[in-house]
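Architecture and fold: a report
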Amino acid sequence: MKHKHSGSEKDIPHQSDNKVEDEKSFHVRDIDLYLHDVEGIGPTTTKKLKEAGITSVIDLAVASIDQLAVDINCSKDSAALFIMAAQKLLRESNVLEKEFVTADFVLEKRNSMLRCSTGSKSLDELLLGGIETQAVTEFYGEFGSGKSQICHTLCAMASRPLSEKGLDGGVIYIDTEGTFRPERLQEIATSRGFVPLEVLKNTVVCKVYNSSHLELIIKDLGGYLNKFKAKLVVIDSIISLHRAEFSGRGTLADRQQRLNSILHKLVRVAEIFNVAIVITNQVLSSPDTFFGDPTKAAGGNVIGHTSTYRIYLRKSGENRIAKMIDSPYHPYSDTRFTVNEKGIDDLEDSTNRAKELEGGSD
Ligand code: GTP
Ligand code: MG
């Protein structure tokens, strides 16, 4: 089915009662937006975009200029114009914030932010209530520090209603290391008194095999979020594939650029869709420690500067310590948690302390 560029009818987003088969629509408040609704995008560009895997307005709005120029074989100027036009259409449809907005509008948007419990009261306290939507939260630490366990527990928690500190939504679990375990999720759900099958059905898992595959999945993330009604995206881990594939020094710049593009896209998607994005990251170990600090997260400044929150995890005997390393407003404190049949959990004494705090006696 061919679509005609709707030209000057641009100001009113396309009210779609005609079903378009080969193009994903982005559904916003009873309005369906299509690529051909974007100013300057005609049938030829629409076709090229779709061939490049950009199938909705939101995909185009969050694309990177350099990548788009390569993907559809156009100049960077044209790519920038297409992206800006897509963002303009989303803004006019109240999906994207206007460039300059009053602070009360910003507050209103912040108020639509949701928090998802991690399953541990003490870790929730560190995060001032849990993992936030509209943000990318990074957990980094050495092997066995609890990153994947946090991810599994979050899958169970996100399925809960808002009244139980969940997100009342689906979870997209992007597994780059092959460490997702449905049995573990089942155990966590059962131990917490949730219906295991409901939790399992609420989590869609995507096993990713190489860095290009990961980039492709992230490029289409907006569409998947709509499809699976997801409120949480987990990427465990964000860097392992790129780290393995771009190992020599000569390829470092390329790797960093690719990671940069992934991270920026994740931040935009988190904001636009009001979803929580959780990524895990490794720490540098001796062979490729560029800066000499073994507790430094991998990925350099690219990941550090882009994640909204970074939490450093380390082992302390049987327990784990989580430390807030980077945040616009959280105190830079630390806390302890443990790993057991409930996934991640509080230590005995901290549970009591959390109960005391809830009861108002500090
Ligand atoms: P890498 O992915 O290797 O970098 O480590 P990670 O930080 O993801 O570690 P992960 O979260 O997988 O494991 C942390 C710790 O949790 C392990 O060292 C185990 O002690 C514990 N753990 C892992 N799986 C289970 C499980 O099924 N049950 C229980 N009770 N503990 C587990
Ligand atoms: Mg892991």
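Since we're looking at a predicted model, the values are computed, not measured. (Residues numbered from 1 in each chain as written. Chains lettered and ligands numbered in written order. Predicted model: local features only at pLDDT ≥ 70, side-chain atom pairs only at ≥ 80, totals over all residues.)

Helices and strands together make up the secondary structure of the protein, namely 15 helices and 13 strands. Restricting to contacts in the protein with at least 6 residues of sequence separation, those with at least 24 account for 66%. (Helix = DSSP H or I, 4+ residues; strand = E, 2+ residues; numbered from the N terminus. Contact = placed C-beta atoms within 7 Å.)

Time to look at the pairing of strand 11 (residues 319-326). In terms of strand pairing, strand 10 (residues 309-316) meets strand 11 through 7 bridges, oriented antiparallel. Along strand 11, the bridge assignment pairs Arg-314 with Ile-321. Linking strand 10 to strand 11, which pair antiparallel, is a turn of 2 residues; within it Gly-317 sits at a positive phi near 65°. Here 4 bridges tie strand 11 to strand 12 (residues 334-340), and the two strands are oriented antiparallel to one another. Its bridge partner being in strand 12, Ile-321 is matched across the sheet by Arg-336. (Pairing = 2+ DSSP bridges.)

A word on the site of ligand 1. The local shell around ligand 1 holds 15 residues, among which Phe-143, Gly-144, Lys-147, Ser-148 and Gln-149 are the closest. Put simply, the parts of the chain that give the shell around ligand 1 at least two residues each are helix 7 (147-158) and strand 12. If you tally residues by element for the shell around ligand 1, the top one is helix 7, at 3 residues. Class assignment for the residues of the shell around ligand 1 results in 2 nonpolar, 9 polar and 4 charged. (Near = placed C-beta within 6 Å. Nonpolar A, V, L, I, M, F, W, Y, C, P; charged D, E, K, R; others polar.)

The next thing to look at is the nonpolar core. Counting 85 residues, the largest nonpolar core has Val-57, Leu-60, Leu-154, Cys-155, Leu-232, Val-234 and Val-278 as its most contacted members. The element that contributes the greatest number of residues to this core is helix 13 (residues 252-273), accounting for 8 residues. Structurally, this core is a two-domain feature, drawing no fewer than three residues from each of domain 1 (1-100) and domain 2 (109-357). (Core = buried A, V, L, I, M, F, W, Y, C linked by C-beta atoms within 7 Å. Buried ≥ 20, exposed ≤ 12 C-beta atoms within 10 Å, placed from the backbone. Domains from an automatic or database assignment.)

Its place among the elements puts Glu-132 in strand 4 (residues 131-132). Each C-alpha atom, one on Glu-132 and one on Asn-274, is 9.1 Å from the other, the two residues being 142 residues apart in sequence. Apart from residues no more than four positions distant in its own chain, Glu-132 is found in contact with Met-113, Arg-115 and Ala-276.

Looking now at the packing of helix 10 (residues 211-219) against helix 13. Viewed as axis vectors pointing N to C, helix 10 and helix 13 meet at an angle of 25°, and their least axial separation amounts to 10 Å. Judged on the interaxial angle alone, helix 13 and helix 10 are roughly parallel. When the axes of helix 10 and helix 13 are compared, the crossing they make is left-handed. Here Ser-211, Glu-215 and Ile-218 of helix 10 come into contact with helix 13, specifically with Arg-258, Ile-262, Lys-265 and Leu-266. Grouping the constituent residues of the contact of helix 10 with helix 13 by class yields 3 nonpolar, 1 polar and 3 charged. (Axes fitted to C-alpha atoms, helices over the stretch in contact; angles between N-to-C directions. Parallel < 35°, antiparallel > 145°, perpendicular 65-115°, else oblique. Left-handed = near helix turned anticlockwise from the far one by under 90°.)

On to the sheet that holds strand 12. In spatial order, the strands read 7-6-8-9-5-10-11-12-13; together these 9 strands make up an open sheet with mixed pairing. Each having just a single partner strand, strand 7 (203-207) and strand 13 (343-345) make up the two edges of the open sheet. Adjacent strand axes in the sheet meet at a mean angle of 25°, parallel and antiparallel pairs treated alike. On top of the sheet, helix 7 reaches strand 5 (135-141), strand 6 (170-175), strand 7, strand 8 (230-236), strand 9 (276-281), strand 10, strand 12 and strand 13; it is set at about 165° to strand 8, its chief contact.

A separate point is the environment of Pro-196. Among the structural elements, Pro-196 can be located in helix 9 (residues 196-202). On a C-alpha basis, the gap between Pro-196 and Pro-182 in space is 9.9 Å, while along the polypeptide they are 14 residues apart. With near-sequence residues (within four places) excluded, Pro-196 lies in contact with Gln-186, Ala-189 and Thr-190.

We now examine unusual backbone geometry. Put simply, Asp-236 and Ser-237 share a cis peptide bond, and its omega is 0°. Positionally, Ser-237 belongs in the loop between strand 8 and helix 12 (240-245). With a phi close to 65°, Gln-134 is a non-glycine residue in the positive phi region. With respect to the secondary-structure elements, Gln-134 resides in the loop between strand 4 and strand 5.

Helix 8 (residues 182-191) packs onto helix 7 with a crossing angle of 55° between their chain directions and a minimal axis gap of 9 Å. In terms of their interaxial angle, helix 7 and helix 8 are classed as oblique. With respect to the hand of their crossing, helix 7 and helix 8 are arranged in right-handed fashion. Of the residues in helix 8, those in contact with His-152, Thr-153, Cys-155 and Ala-156 of helix 7 are Arg-184, Leu-185, Ile-188 and Ala-189. Taken together, the residues of the contact of helix 7 with helix 8 sort by class into 5 nonpolar, 2 polar and 1 charged.

Quick look at the confidence of the model for the protein now. Of all residues in the protein, 83% attain a pLDDT of 70 or more, and the chain-wide mean is 83. Across residues 1-22 the pLDDT falls below 50, and counting only partners more than four positions away or on other chains, this stretch makes 33 contacts in the model. (pLDDT = per-residue confidence, 0-100.)

Turning to the pairing of strand 8, a few remarks are in order. Taking burial as the measure, the 7 residues of strand 8 include 7 buried ones, the bulk of the element. Relative to strand 8, strand 6 runs parallel, the two sharing 6 bridges. What sits directly across from Asp-175, in strand 8, is Asp-236. Sheet topology places strand 8 next to strand 9; 4 bridges connect them, and they run parallel. Of the residues in strand 9, the one forming a bridge with Val-233 is Ile-277.

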